[in-house]
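Residues per chain are reported as follows:
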Amino acid sequence: MTRIRTLIVDDEPLARRGLQLHLQRHADIELVGEAGSGTQATQAIAALRPQLMFLDVQMPGMDGFGVLRALPATQIPLTVFVTAFDQYAIAAFAASALDYLLKPVDDRRLDEAVERARARLAARKAEDHYERLLRLMAATPGVDRPQLDALMLDEVSRTGGTLNLRDGQRLVRIDLDAIRWVDAAGDYICIHTHDQTHVLRGTMQELEGRLDPRRFARVHRSSIVNLERVTQLRPHHNGEYFLMLDSGHELKLSRSYRDKVRVVDGRLLAAV
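Keep in mind it's a predicted model, so treat the numbers as computed, not measured. (Residues numbered from 1 in each chain as written. Predicted model: local features only at pLDDT ≥ 70, side-chain atom pairs only at ≥ 80, totals over all residues. Heavy atoms only, no water.)

Enquirer: Can you walk me through the overall build of the protein in this structure?
Expert: Regarding its fold elements, the protein presents seven helices and 17 strands. Expressed as a percentage of the 272 residues in the protein, the buried residues total 42%. When the accessible surface of the protein is totalled, it reaches about 14700 Å², and 50% of it is carbon and sulfur. (Helix = DSSP H or I, 4+ residues; strand = E, 2+ residues; numbered from the N terminus. Buried < 20%, exposed > 50% of the residue type's maximum accessible area, 1.4 Å probe, protein only. Areas by Shrake-Rupley, 256 points an atom, 1.4 Å probe, with all protein chains shown as cover.)

Next comes the structure, spelled out in structure tokens:
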């Protein structure tokens, strides 16, 4: 079992003790230290290099956000903010927190945060492994690159959180949750996320095989949609539909791909 090196940061000793007791239910959580202030936290992170940190937002002197600002980017662990003040939620996620817990900590929400940490760390390991293999590939003469590429990409895609694609010698990482839809443009595919469009060489068939069919469906010969992004269905003639996405964009569900999805109570779901 892989252990997750964990640090608790809170200026209240009772709060630290309570969170420690809650975390004892998770055998893979290894508590490597505690800190009672922002300054102690930065010192502990530099010395202990935790993978996961439960960080109080409000502390005298350097608060939780100040801790993150004071750290080099390479030292920042996965961070779950813990606080009694829910108005800090927006700022917490703007600081790229893994999750956000309100005091008193609820076991169910804590379990969700720990599970998110497990998934994110597993994805990081797969990505790191992929990059090491890429470097090995580049330095090895005569290697069967297409075959090795396929093996590595299949392995990485099983992590579930990130889509990793080759663009020449560059590795492109795309958060699966951020994808709205994908369309084809000649020999290229355009992956549209909430803030940008990635244009990469490839085929719709190859990408469709990489994506989880429970979350992404081929709705047209040139379109794949993230089913969670569909907010409205508008029937069209001959059994076709127009799909409205949360971004305001509209796609067509053609008859040829109608068997890929099912409509339940006005929602579009995967057929699998």
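Now that the structure has been shown, the text picks up again.
Enquirer: Would you mind going over the packing of aromatic side chains with me for this structure?
Expert: Centre-to-centre distance and the angle between the planes together describe a pair of aromatic rings. Applying the stated criterion across every chain, the model contains one aromatic pair. Seen in terms of ring centroids, phenylalanine 65 and phenylalanine 81 are 5.0 Å apart; in terms of plane orientation they differ by 55°. Their pairing is tilted. With a gap of 16 residues between them, phenylalanine 65 in helix α3 (residues 64–70) and phenylalanine 81 in strand β4 (residues 78–83) connect regions that are remote in the sequence. When its relative accessible area of 12% is taken as the criterion, phenylalanine 65 is described as buried. On the accessibility criterion, phenylalanine 81 (0% relative accessible area) is buried. (Phe/Tyr/Trp six-rings, centres within 6.5 Å; stacked < 30°, edge-to-face > 60°.)

Enquirer: Just checking my understanding: could you explain unusual backbone geometry for this structure?
Expert: Residues other than glycine predominantly adopt negative phi, and peptide bonds predominantly adopt the trans conformation. A cis amide bond, omega -10°, links lysine 103 with the succeeding residue proline 104. Mapped onto the elements, proline 104 comes out in the loop between β5 (99–102) and α5 (107–139). The backbone of arginine 49 shows a phi angle near 50°, a positive value even though the residue is not glycine. Within the secondary structure, arginine 49 sits in the loop between α2 (38–48) and β3 (52–56). Residue classification places arginine 49 among the partly exposed positions, given a relative accessible area of 47%.

Enquirer: Got a minute to help me understand the confidence of the model for the protein in this structure?
Expert: The predicted coordinates of low-pLDDT regions are not to be read in fine detail. Averaged over all residues, the pLDDT of the protein is 83; the fraction at 70 or higher stands at 82%. For the stretch residues 154–159, pLDDT sits under 50, and the model shows ten contacts to residues farther than four places along the chain or on other chains. (pLDDT = per-residue confidence, 0-100. Contact = heavy atoms within 4.5 Å.)

Enquirer: Even after reading the chapter, I still don't get the side chain of threonine 6, so can you show me in this structure?
Expert: Mapping threonine 6 onto the fold places it in strand β1 (residues 4–9). Beyond its immediate sequence surroundings of up to four residues, threonine 6 is in contact with Ile29, Glu30, Leu31, Val32, Gly33, Pro50, Leu52 and Phe54.

Enquirer: Help me understand the environment of glutamate 30 in this model?
Expert: Along the chain, glutamate 30 turns up in strand β2 (residues 29–35). Overall, the relative accessible area of 28% leaves glutamate 30 in the partly exposed class. Sequence separation between glutamate 30 and leucine 7 is 23 residues; the distance between their C-alpha atoms is 8.7 Å. Setting aside residues no more than four positions away along its own chain, glutamate 30 makes contact with Arg3, Ile4, Arg5 and Thr6.

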